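# Examining the three-dimensional arrangement
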Amino acid sequence: MRFQPRASRTRIDRLTLNLASMIDVTFLLLVYFIVSTVMARPEDQLTSSIQTRDSETSGAEIDYQPQVVEVVQLEGRSTYIIGDRMLHDLPSLTTVLKNLPKEIGVFVRVSPGIPVEFALAAVQAARDAGFQQVTYVPQL
Amino acid sequence: MIDVVFLLIVFFMVTSEFARDVRAELELPKLEGEQRDESEEAGLVINIQEDGSIILSVSDTPLQLDELEQRLRDTFQGQGSTEARVLVRADAQASTTRLNEVVRLLHEVGVGAARMGTEVPPMGGRGGAP
């Protein structure tokens, strides 16, 4: 009669799990996430109210002077006009806007034929200056 | 477990394809944007390409303004202006002529506010803005 220790029999019956396929899948996931992360560029947004010129003039009874940033093309150069000042870059526009009262908001009146980047930079400057109410006024 | 992992792969692939489908490859203005912490639902996405053509998704053919107007009216029928969510993604070098036409159209169909897409410049810089 042959007696065998219980422990050794357990060792013989132990199940083995082949991890090769799981590692393949994990690598596939890793490659997928690396590729998709490279392709997606981080995006943000600028929110502004919309008002057309017609509806803007209908509020003639308002008792304050609206603050308007004109975005125009002057002598082939994109220009910001605020009051009697002409500005050509974002930092100086932000500096001027910071000195204006914030409660009544600001209108950004955009002429046609200007690069979108330049026009949206005016909205960005208003946000950076602390304006909560920014209104985009398209001109056709 | 391998079944679940495969399911995850399929899920991520399908969702990322969908996201890419409505967001055309554009060079958005390199501006910081509002940098809000909470993310908002994109809603309807209007892409304006550098040449001024308008597309709602990558697989779509370019739309004329009257076709866009019809789509907008169909989409926002019965919605208040505060509920209508529109993201306008315009190429940085596109002309404001087309952007203004689209914004005016949004106003005409009752959308009170538009969100303009920007590309966050690397390292929080000002990017290509003047």
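Residues numbered from 1 in each chain as written. Chains lettered and ligands numbered in written order. Predicted model: local features only at pLDDT ≥ 70, side-chain atom pairs only at ≥ 80, totals over all residues.

## Brief notes about the overall build of chain A
Looking only at helices and strands, chain A has five helices and six strands in total. Seen in sequence order, chain A has helices and strands lined up from the N terminus as α-α-β-α-β-β-β-α-β-α-β. (Helix = DSSP H or I, 4+ residues; strand = E, 2+ residues; numbered from the N terminus.)

## Focus: the pairing of strand E6 (residues 134-138) of chain A
All names here are of chain A. Summarising burial for E6: five of the five residues are buried, a large majority. On E6, burial covers both faces: Val134, Tyr136 and Pro138 on one face and Thr135 and Val137 on the other are all buried. Summarising the sheet, strand E1 (residues 43-50) and E6 pair through two bridges and their orientation is parallel. Paired with serine 49 across the two strands is threonine 135, which belongs to E6. Here strand E5 (residues 106-110) runs beside E6; their pairing, made up of five bridges, is parallel. (Buried ≥ 20, exposed ≤ 12 C-beta atoms within 10 Å, placed from the backbone. Pairing = 2+ DSSP bridges.)

## A closer look at helix H2 (residues 65-76) of chain B
Residue and element names in this part refer to chain B. The end-to-end C-alpha separation of H2 is 16 Å, in line with the 16 Å expected for twelve residues at 1.5 Å each. Regarding H2, the residues found buried are Leu68, Leu72 and Phe76. Take H2 and look down its axis: the buried residues cluster within an arc of 50°, on one side only. What points out from H2, more than 90 degrees from its buried face, is the exposed set Asp66 and Asp74. Elements that come into contact with the buried residues of H2 comprise strand E2 (54-55) and helix H3 (96-108). (Expected span 1.5 Å × (residues − 1). Arc of directions from axis to C-beta. Contact = placed C-beta atoms within 7 Å.)

## With respect to the sheet that holds strand E2 (residues 68-74) of chain A
The sheet built from ten strands is open, its strands ordered E4(A)-E3(A)-E2(A)-E5(A)-E6(A)-E1(A)-E4(B)-E3(B)-E1(B)-E2(B) with mixed pairing. Of all the strands in the sheet, the pair left with one neighbour each is strand E4 (85-87) of chain A together with E2 of chain B. Both strand E3 (residues 77-82) of chain A and E4 of chain A contribute to a ladder of three bridges, which runs antiparallel. The residue of E4 of chain A that forms the bridge with isoleucine 81 of chain A is methionine 86 of chain A.

## Topic: the packing of H2 of chain B against H3 of chain B
Residue and element names in this part refer to chain B. The N-to-C vectors of H2 and H3 enclose an angle of 35°; their axes lie 10 Å apart at closest approach. H2 and H3 meet at a crossing whose hand is right-handed. In contact with Leu65, Leu68, Glu69 and Leu72 of H2, H3 contributes Glu101, Leu105 and Leu106. (Axes fitted to C-alpha atoms, helices over the stretch in contact; angles between N-to-C directions. Left-handed = near helix turned anticlockwise from the far one by under 90°.)

## Some words on the confidence of the model for chain A
Residue and element names in this part refer to chain A. Per-chain confidence: chain A averages 81 in pLDDT, with 79% of residues scoring 70 or above. Element-level mean pLDDT values for chain A span from 54 in helix H3 (residues 53-57) up to 94 in E5. Low confidence marks residues 57-61, where pLDDT is under 50. Its contacts with residues over four positions away, or in another chain, come to zero contacts. (pLDDT = per-residue confidence, 0-100.)

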